[in-house]
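Overview (structure and organization)
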Amino acid sequence: MVGDAASPGLSGGVESMLDIETITGVAGNVESEFWGFSGRSPDNAHNEPFLKWLTTLGSTSDAEVPKIFSTSYGEDEGSWSTAAAQRLGVEFQKAGARGISLLYAAGDEGANCEQGKFVPEGPGSSPYVTAVGGTMPASGYPAPGSEAAIGLSSGGFSNYWPMPDYQKEAVQKYLTMEGLPSRSRGYNTSGRAYPDIAAQATDFIVYTPIPVPGVSGTSCASPTAAGIFALLNDLRLAQGKSTLGFLNPLIYEHFSAFNDVTTGASAGCLTDGWPAKPGWDAVTGVGTPDFAKLAKVVEGLPSGRNLEIVI
C-alpha cells in the first residue's frame, strides 16, 4: 500500500490531486490512500505539521499503515530548530525500521539561494528519507539517456546532518569534478547530500476535476518514484518477502539499476547551480529508476529487510 501525506487541509487541490493521481497512474494495481493534515508545526508557525503526520503514522498498526509515503511539501532546513529536526529524524528512522519508505520532493528552488548563499531544504535533507529531484525530457525521449536535469530541481548539502556512510563514496566523486559552484556559495560538503534519485518533473496534467495542464515540480517526481517503488514492494510481497523500508542504502549500492542523468543543471544564485554529472550529482541524485533492473535487484534480496540504519 502506498500513501500520500499532504498538509494544506483535506480539499482536492492541484497539489494533493497531483500526488494521488500520479501514484495510482503508475501503480494502478496497488492500494493507495491519501493522508491529509491541516495546521502548522508548533516549532514554527510557517512550517508544515509533519510531526502530526508522523505521530499518526507511528500509532497506526503494521497491518493498516501504507508501506510507502510520498510527500511534496517542505521548508528551508534552517526554519526548523535543531531539536525539532532531530525529533523528526527519530520518527523517520522508526518508519524505516518498520518497512515503510518515505519519499520527499527535493524542492523547486534549484540551488535555493538566499543572500548569495545556497540554503538546504528539508525534510529532503534528512539522511533518513529518500529525496527525489527532477528531470525533463531531452532529445530522443523516452529512450534511455534522453532525460536532462530540470533547473527547478533542488539539491545540495545539509547543515544539520553529517554525510551518511551509504553515500560518501558517490558524493566524494562528484565533489572532485569540474564545473561545480564556487565554494563562496557556502555549501557544506561534509553534510548529507541530496537528492538521492530523480524522476520526470514537468508537463503533468492534473484533474481537479477540471484538467490543469503543464504542472511541473519535484512534487511530480516524488509520487512518480513512489509508484515505481510501490510496484517493487508488490513484487516482493507476492513472493512472501518483506517490504523494502528505508531505501537509501539499496539505492547507493545499485547505481546500475538507475538511468544516469548527465546533462542539465539546477538554477540558483544567478549561476547554473548544480550540474548533472556521471554518477551521483546534486540535482538528480543517482538518476531515475529503471523498474526492470530494480525488479531483478529486489527479487534477489533476502526475505527480511535490513533494520540497520547507518549515518
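Residues numbered from 1 in each chain as written. Predicted model: local features only at pLDDT ≥ 70, side-chain atom pairs only at ≥ 80, totals over all residues. Heavy atoms only, no water.

Taking an unreviewed UniProt entry as the reference, the chain is identified by name as subtilisin belonging to Prorocentrum cordatum.

**Focus: the confidence of the model for the chain**
If pLDDT is low for a region, its predicted coordinates should not be looked at in detail. The condition that has to hold: By definition, pLDDT measures how confident the predictor is in each residue, and it falls between 0 and 100. Two residues form a contact once any of their heavy atoms are found within 4.5 Å.
Put simply, the chain has an average pLDDT of 91, and 94% of its residues get 70 or more. Counting contacts from residues 6–11, a segment whose pLDDT is below 50, to residues more than four positions away or on other chains yields 18 contacts. This stretch, residues 306–311, has a pLDDT under 50; its non-local contacts, to residues over four places away or in other chains, come to 15 contacts.

**Overview of the nonpolar core**
Filter applied, for reference: As used in this record, nonpolar core signifies buried Ala, Val, Leu, Ile, Met, Phe, Trp, Tyr and Cys residues forming a set joined through side-chain atoms within 4.5 Å. Only protein chains enter the accessibility calculation, which uses a 1.4 Å probe; a residue whose area is less than 20% of its type maximum is buried, one above 50% is exposed, and one in between is partly exposed. Helix and strand definitions here come from DSSP, where helices need a minimum of 4 consecutive H or I residues and strands a minimum of 2 consecutive E residues; each element is numbered from the N-terminal end.
Core analysis: the largest hydrophobic core is formed by 49 residues, its most contacted members being Phe157, Ile197, Phe229, Leu232, Phe258, Trp274 and Trp280. At the level of secondary structure, the elements contributing two or more residues to this core comprise helix H4 (168–175), strand S13 (197–200), helix H5 (218–238), helix H6 (248–253) and helix H7 (291–299). In terms of residue count, H5 provides more of this core than any other element does, 8 residues in total. When near neighbours in sequence (up to four residues on either side) are disregarded, tryptophan 274 contacts Ala111, Phe118, Gly155, Gly156, Phe157, Tyr174, Pro181, Tyr187, Ala265, Ser266, Ala282 and Val283. Grouped together as the second largest cluster of nonpolar side chains are 21 residues, Trp35, Phe69, Leu88 and Ala95 included.

**Some details on the packing of aromatic side chains**
To keep things clear, this is the line we draw: Only the six-membered ring of Trp is used, alongside the rings of Phe and Tyr, when aromatic pairs are assigned; centres must lie within 6.5 Å, and planes under 30 degrees apart are stacked while those over 60 apart are edge-to-face, with the rest tilted.
For the coordinates displayed, the defined rule picks out 19 aromatic pairs. Members of the aromatic cluster, each reached through a chain of ring pairs, are Trp35, Phe37, Phe50, Trp53, Phe69, Trp80, Phe92 and Tyr104.

**Comments concerning unusual backbone geometry**
Here glycine 122 and proline 123 are connected by a cis peptide whose omega angle stands at 0°. Within the fold, proline 123 resides in the loop between strand S8 (121–122) and strand S9 (130–137). Despite not being glycine, glutamine 115 has its phi angle at roughly 50°, a positive value. The backbone phi angle of cysteine 269 is positive, close to 55°, even though this residue is not glycine.

**Some points on H4**
The condition that has to hold: Taking the helix axis as origin, the arc is that swept by the directions to the C-beta atoms.
Restricting attention to buried positions, one finds in H4 the residues Ala170, Val171, Tyr174 and Leu175. Down the axis of H4, the buried side of the element spans an arc of 135°, and every buried residue falls inside it. Seen from the buried face of H4, the exposed residues on the opposite side, beyond 90 degrees, are Glu169 and Lys173. At its buried positions, H4 is contacted by strand S11 (156–162), strand S12 (191–194) and H6.

**Points about the UniProt feature "active site" (unreviewed entry) in the chain**
As a reminder of what qualifies: UniProt positions are given in the numbering used here, feature names are shortened, and annotations may be inferred rather than shown by experiment.
Mapped onto this numbering, the UniProt entry gives "active site" (unreviewed entry) at Glu15, Asp19 and Ser219. For this annotated set, covering 205 residues, all C-alpha atoms fall within 7.6 Å of each other, a compact arrangement in space. With respect to the helices, strands and loops of the structure, aspartate 19 is situated in helix H1 (residues 14–26). In this structure aspartate 19 comes out as buried when scored by relative accessible area, which is 1%. Tracing the chain through its elements places serine 219 in helix H5. With a relative accessible area of 5%, serine 219 lands in the buried category. Those residues in contact with serine 219 that lie beyond four places of it in its chain are Glu15, Leu18, Asp19, Ser72, Ala105 and Asp108.

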